[in-house]
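# Architecture at a glance
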Amino acid sequence: MWYVVQALGNEDIEKVCGKCRTAMPEGVVKELFIPRYICLKHFKKEWHEKLLPLFPDYFFLDTEQPEEVQERLKPLSRIMKPVRVGKDFVPVYPEEQRFLEELMDERHVIQKSTGNLIDGQFEIYEGPLQDEKKYRLIKKVDRHRRLANLEVQLLGTVRQVQVTLEIVKKINTAAIGVPALGGMER
């Protein structure tokens, strides 16, 4: 089961994650990871891929021993804390974990999605957002920065996250006399 830990203050998420990994005895945590997405940055007249955290200041761990994890995190309470619901260190809800697993690859990275904007509707033909259920979560698109803002649930709370969405073409079918296609309106 996945659990969430928050890095506190201005601590680098990579360093905090490493300290957590070091504090855990072998066999307590199956996997410790930072969910990421591929972000496209434009510099030197080219687009470059960069990995950024999906949830800044948070990392996930997969364990069946949450009580042991909490004990091991106590000495590190100045730089990290378990994310709780009420007073309980609870796992990510199964439907939320399933959704994130569908978005991410085996390295816990959300790859870029690609599509067209046809008459104000998205037609996503490549990447993790091509499923209608997922692209309906898009709240805003910045075509110039190639980013989409999504609303996702994490531990029952709606969170805004960014993922890469490259809109290749903007098509107005009325101008060329073609009937409109279905999709998400924008």
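Notes on the structure in this doc start here. (Residues numbered from 1 in each chain as written. Predicted model: local features only at pLDDT ≥ 70, side-chain atom pairs only at ≥ 80, totals over all residues. Heavy atoms only, no water.)

Of note, the phi angle at Lys45 is positive, near 60°, even though the residue is not glycine. In this fold, Lys45 is placed in the loop between β3 (36-43) and β4 (46-53). Positive phi outside glycine occurs at Asp119, with the angle close to 50°. With respect to the element layout, Asp119 can be found in the loop between β8 (113-118) and β9 (121-126). Relative accessible area serves as the criterion here: at 29%, Asp119 is assigned to the partly exposed category. (Helix = DSSP H or I, 4+ residues; strand = E, 2+ residues; numbered from the N terminus. Buried < 20%, exposed > 50% of the residue type's maximum accessible area, 1.4 Å probe, protein only.)

Note: strands within a sheet are paired through backbone hydrogen bonds, in either parallel or antiparallel orientation. With mixed pairing, three strands are arranged side by side in an open sheet as β4-β3-β7. Of all the strands in the sheet, just β4 and β7 (109-110) have a single pairing partner and so form its edges. Looking at chain direction, β3 and β7 are connected through two bridges and run parallel. Residue pairing in the sheet places Arg36 in a bridge with Val109 of β7. (Pairing = 2+ DSSP bridges.)

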